[in-house]
Amino acid sequence: MINKRTQYLLVVASLTASLQLSVEAQDGFRPGGQLSTWLNFSSGSDLPLWGGVRYIPQVNLSRTLENGHTLDAELSCNLYGTAGTRPFDTISASGKLKPYRAWARYSTDRFEVRAGLQKLNFGSAAMLRPLMWFDQIDPRDPLQLTDGVWGILARYYFLNNANVWLWGLYGNGSTRGWDIIPSNRNIPEFGGRLQVPLPGGEAAMSYHHRAADSRKLPGVADPIEKIPENKLGFDAKWDLKAGLWVEGSWTHRHGDIGILRNQAVLNTGIDYTFSIGSGLYVACEQLLLSVFDVRPAVRDASFFTVVTARYPLGLFDNLSTILYCDWKNENIYSFVNWHRQYDNVTLYLMAWLNPESFSLPAQQGNQNIFAGKGIQLMFVYNH
């Protein structure tokens, strides 16, 4: 059985060969990377004071073939270390090196196929995204970081701007997005998407099949190794005087697993840029989340509203804010971000005021960081 580490090494070897061809052909070779470091205080964390550093080195390769088609690839890894402390009492530190992106692509004017560790996302929603099937992007994260998935993606673009996606995944064993149960990494996943133009916008239908594995869930009396799961999604967006969109996802898991059998997520949103000063951008989304056995019950569903606003303070400074309302638990989450952009350097100053206990959907990665009251200073260098 080929594990992730072996997969990564195989892709590295393939990309190294492509690099040699690219250098010999004097075609595209672009090394780069991103260095970030941060320091934050959060009252809701077990260790209130945290600091960290992350470096993502990246190499992009490209070669144009004689028929005008293109071969390109991307290779990057995620190297990071963090340390947290409760002053004069406790300290904890950790670090990790893992692959971040490792893919190769063949493309023409209307077709592309990409294989390897890649970012796979789509949909019309901006913040609370029902179609967040393969990523874990937090809208509050200024770097928009997310782990990729191992697989193959093919896309074909028609002359009328319609496009069709087909994908197959393998070796991905963690939860992603709205997943409640992790995937069985030894069973292939597959799916597709069809997107078509509409007057003033576009619409799409998406589908994905995988096998979930409840053996990784704590406290499960009778874990199941292979739970067939089907996801069906739809989304549409219109650019009128204001932007309007709707996005939904329904997940059905086969078997006697109680309330986890069905999951429905629905989002509606609107955005508009007001002619105030340099332009005030405002977006609002409403989300409904329901998990049920046989039929949904509105009284048991969760409702969330999120509002975001962005305003440029000048040529180099921007101010943004995100406000979440959890109507079921009667909680409000607020987040403010100021950033200043230089040539290759960006400074961020972020602050938040949230409940000590988190209940936001699909935000598992940063619950501890943004709990309670807090502030964070971040330095980012791109080269």
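Parameters and conventions
Residues numbered from 1 in each chain as written. Predicted model: local features only at pLDDT ≥ 70, side-chain atom pairs only at ≥ 80, totals over all residues. Heavy atoms only, no water. Core = buried A, V, L, I, M, F, W, Y, C linked by side-chain atoms within 4.5 Å. Buried < 20%, exposed > 50% of the residue type's maximum accessible area, 1.4 Å probe, protein only. Helix = DSSP H or I, 4+ residues; strand = E, 2+ residues; numbered from the N terminus. Contact = heavy atoms within 4.5 Å. Phe/Tyr/Trp six-rings, centres within 6.5 Å; stacked < 30°, edge-to-face > 60°. Pairing = 2+ DSSP bridges. Polar contact = N/O pair within 3.5 Å; in protein donor to acceptor, adjacent residues only side chain to side chain.

(A) Structural context of the nonpolar core. Ranked by internal contacts, the top residues of the largest apolar core, which has 31 residues, are Leu287, Tyr324 and Met378. Among the secondary structure elements, those contributing two or more residues to this core are β13 (280-292), β14 (302-312), β15 (317-326), β16 (331-341), β17 (345-353) and β18 (373-382). The biggest single contributor to this core is β13, with 4 residues. Residues in contact with leucine 287, not counting those within four places in the same chain, are Leu128, Pro130, Trp178, Val265, Leu266, Asn267, Ser302, Phe303, Phe304 and Pro361. One finds Phe122, Leu131, Trp133 and Trp165 within the second-largest nonpolar core, a separate group that totals 10 residues.

(B) Quick look at the packing of aromatic side chains. One pass over the structure, following the stated rule, counts 11 aromatic pairs. Seen in terms of ring centroids, phenylalanine 122 and phenylalanine 134 are 6.2 Å apart; in terms of plane orientation they differ by 65°. Their pairing is edge-to-face. Here phenylalanine 122, found in the loop between β5 (111-118) and β6 (149-157), pairs with phenylalanine 134, found in the loop between β5 and β6; they are 12 residues apart in sequence, far enough to count as distant. Owing to a relative accessible area of 7%, phenylalanine 122 belongs among the buried residues under this scheme.

(C) Region of interest: the pairing of strand β9 (residues 201-212). With 9 bridges connecting them, strand β8 (residues 189-198) and β9 associate as antiparallel partners. Residue pairing across strands places leucine 194 opposite methionine 205, the latter belonging to β9. Counting the residues in the hairpin turn of β8 and β9 gives 2 residues, including glycine 200, whose phi is positive at 80°.

(D) Main features of the side chain of asparagine 267. As for its position among the elements, asparagine 267 is in strand β12 (residues 262-274). Accessibility expressed as a relative area gives 0% for asparagine 267, which makes it buried. Looking at asparagine 267, its side chain comes within polar contact range of the side chain of tryptophan 245, at 3.3 Å. In this structure the side chain of asparagine 267 is engaged in a polar contact, spanning 3.1 Å, whose partner is the side chain of glutamate 285. Setting aside chain neighbours within four positions, we find asparagine 267 in contact with Ala125, Leu128, Pro130, Trp245, Val246, Glu247, Glu285, Gln286 and Leu287.

(E) How the structure looks around the side chain of arginine 176. Here arginine 176 is to be found in the loop between β7 (163-169) and β8. By relative accessible area, arginine 176 is classed as buried at 5%. Within the structure, the side chain of arginine 176 is placed 3.3 Å from the backbone oxygen of tryptophan 133, a separation counted as a polar contact. Aside from chain neighbours lying at most four places away, what touches arginine 176 is Met132, Trp133, Phe134, Asp135, Gln136, Val149, Leu169, Ser183, Glu189, His208 and Arg210.

(F) Structural detail: the pairing of strand β3 (residues 70-86). As defined by bridge partners, strand β2 (residues 49-64) adjoins β3 across 14 bridges and the pair is classed as antiparallel. Each residue of the ladder has a partner; that of threonine 64, found in β3, is threonine 70. Bridge count between β3 and strand β4 (residues 90-107): 17 bridges; the pairing is antiparallel. When the sheet's bridge partners are listed, glutamate 74 is paired in β4 with tryptophan 103. As consecutive antiparallel partners, β3 and β4 are separated by 3 residues, and within that stretch phenylalanine 88 has a phi angle of approximately 65°, a positive value.

(G) Layout of the environment of aspartate 147. Among the secondary structure elements, aspartate 147 is positioned in the loop between β5 and β6. For aspartate 147, a relative accessible area of 43% puts it in the partly exposed group. Residues aspartate 147 and leucine 120 lie 27 residues apart in sequence; the distance between their C-alpha atoms is 9.8 Å. In this view, aspartate 147 contacts Lys98, Arg101 and Phe134; residues no more than four positions away in its chain are not counted.

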